[in-house]
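# Structural overview for review
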Amino acid sequence: MPQPFLAGNWKMHLSGAEVDAFCAALRDAGLPDGVTAGVFPGFLHLERAVAALEGTGWVVGAQTCRPESHGAFTGEVSITQIQDAGASHVIVGHSERRHVFGETDAQVRQRLDAVLAHGLSVVLCVGETLDERQAGRTGQVVLGQLDAGTAGLSGAELVERVTVAYEPVWAIGTGQVATPAQAQEVHADIRARLAATFGNDVAQQIVIQYGGSVKPGNVAELLTCPDVNGALVGGASLQSDSFLALVAAGAVSRSGVNR
Ligand code: PGA
């Protein structure tokens with residue numbers, strides 16, 4: 001079983017002062033044993049979060065990147081600049097990037113390749129819309145995004161540097177969390193596809209996070225699912241006490257209490 005990974009996607013939230021206070025709370029609390037966890041601030045706050053959490057083990061990552069190192073891309077932030085800021089992870093293919101900003105599978109893959117080429121780790125988000133689910137296309141959509149994001153990678157790259165986040169679009173920011181059974185079904189499909197493509201040994205070591213209305217009150221049950229290895233959390237990651245409760249649940253799941 002891979003080590004659980006609890007990630008807070010702050011989206012376009014929090015002021016500089018709020019980031020400082022949050023990071024101070026994480027420093028004070030410390031990272032529990034047996035869990036990977038951290039926050040994904042907006043670009044403007046990356047460096048201050050990295051500085052505040054240096055040496056603590058808490059992960060600091062970016063929410064997307066421009067795959068080119070430099071160039072005429074007004075308003076964008078390059079993977080090189082993110083690396084320079086000290087981030088260790090980058091989220092790619094979040095549904096808001098796909099559906100609000102129109103990123104295609106090919107563009108998501110360019111970003112993923114750039115992240116790996118710069119030695120950083122990546123969280124690859126996949127997920128179906130409500131229409132796609134109701135049309136019975138969940139597996140096709142999710143596995144298609146997974147294949148597009150992972151084809152041709154090595155098993156070592158996958159195990160060491162790639163996290164998959166299953167985020168049903170209909171559950172993001174809606175309060176409508178997938179049931180553990182719904183999450184487990186898709187997570188099992190994702191792991192089966194990874195096993196078919198990269199071998200079972202690789203597939204068993206890859207973290208598959210669930211995302212979509214995860215909260216301290218529902219995370220423990222989700223983490224009892226055998227193929228749910230963590231969570232990518234938006235709204236409930238914006239207060240440090242709530243985020244720390246999520247991380248604590250991840251650490252407990254690792255200890256086997258819930259399994
Ligand atoms: P949510 O967002 O937890 O607010 O639903 C999840 C995400 O977008 O990663």
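A few points on the structure. Worth saying up front: this structure is predicted, and the values here are computed from it rather than measured.

What counts, and at which threshold
Residues numbered from 1 in each chain as written. Predicted model: local features only at pLDDT ≥ 70, side-chain atom pairs only at ≥ 80, totals over all residues. Heavy atoms only, no water. Helix = DSSP H or I, 4+ residues; strand = E, 2+ residues; numbered from the N terminus. Rg over C-alpha atoms; globule rule 2.2 N^0.38 Å. Contact = heavy atoms within 4.5 Å. Areas by Shrake-Rupley, 256 points an atom, 1.4 Å probe, with all protein chains shown as cover. Lys, Arg positive; Asp, Glu negative; His and termini not counted. Charge placed at Lys NZ, Arg CZ, Asp CG, Glu CD. Buried < 20%, exposed > 50% of the residue type's maximum accessible area, 1.4 Å probe, protein only. Arc of directions from axis to C-beta. Phe/Tyr/Trp six-rings, centres within 6.5 Å; stacked < 30°, edge-to-face > 60°. Near = heavy atom within 4 Å. Nonpolar A, V, L, I, M, F, W, Y, C, P; charged D, E, K, R; others polar. Pairing = 2+ DSSP bridges.

### Things to note about the overall build of the chain
Of regular secondary structure, the chain possesses twelve helices and eight strands. Against the compact-globule benchmark of 18 Å for 259 residues, the chain has a radius of gyration of 17 Å, which places it among compact chains. Summarising its shape, the C-alpha atoms of the chain cover approximately 45 × 45 × 35 Å along the three principal directions. Restricting to contacts in the chain with at least 6 residues of sequence separation, those with at least 24 account for 72%. Approximately 10,700 Å² of the chain is accessible, and the part contributed by carbon and sulfur atoms is 51%. Computing the positive centroid from 16 side-chain charges and the negative centroid from 26, the chain places the two 2 Å apart.

### Let's talk about helix 11 (residues 216–223)
Helical geometry note: an α-helix holds 3.6 residues per turn, so side chains three or four residues apart project in the same direction. Every buried residue of helix 11 is accounted for by Asn 218, Val 219, Leu 222 and Leu 223. For helix 11, the angular spread of buried residues about the axis comes to 135°, placing them on one side. Seen from the open side of helix 11, the exposed residues pointing more than 90 degrees away from its buried face are Gly 217 and Glu 221.

### A few points about unusual backbone geometry
Phi angles above zero are rare outside glycine, and Lys 11 is one such case at about 50°. If you trace the backbone, Lys 11 turns up in the loop between strand 1 (5–9) and helix 1 (16–29).

### Brief notes about the packing of aromatic side chains
Under the criterion given, the structure shown has four aromatic pairs. Considering the side-chain rings of Trp 10 and Phe 22, the 4.7 Å spacing of their centres and the 65° angle between planes classify their relative orientation as edge-to-face. With Trp 10 in the loop between strand 1 and helix 1 and Phe 22 in helix 1, this pair connects stretches of sequence that are twelve residues apart. What makes Phe 22 buried here is its relative accessible area of 4%. Relative to Phe 243, the ring of Trp 58 has its centre 6.2 Å away and its plane inclined at 45°; by these criteria the two rings are tilted. Residue Trp 58 is found in the loop between helix 2 (46–53) and strand 3 (59–62), and its partner Phe 243 is found in helix 12 (residues 240–254); the two are separated by 185 residues along the sequence.

### What to know about the site of the ligand
Taken together, 13 residues are adjacent to the ligand, and Lys 11, His 94, Glu 167, Gly 173 and Ser 213 come closest. Coverage of the ligand by the protein amounts to 95% of the 280 Å² it exposes when considered alone. Of the residues that constitute the shell around the ligand, the class distribution is four nonpolar, seven polar and two charged.

### Examining the pairing of strand 8 (residues 230–233)
Both faces of strand 8 are covered, namely the face carrying Gly 230 and Leu 232 and the face carrying Ala 231 and Val 233. Where strand 1 lies against strand 8, four bridges are found, and the strand directions are parallel. Looking at the pairing, Phe 5 lines up with Gly 230 of strand 8. As paired elements, strand 7 (residues 208–211) and strand 8 share two bridges and run parallel to each other.

That's the geometry; what it means functionally is another story.
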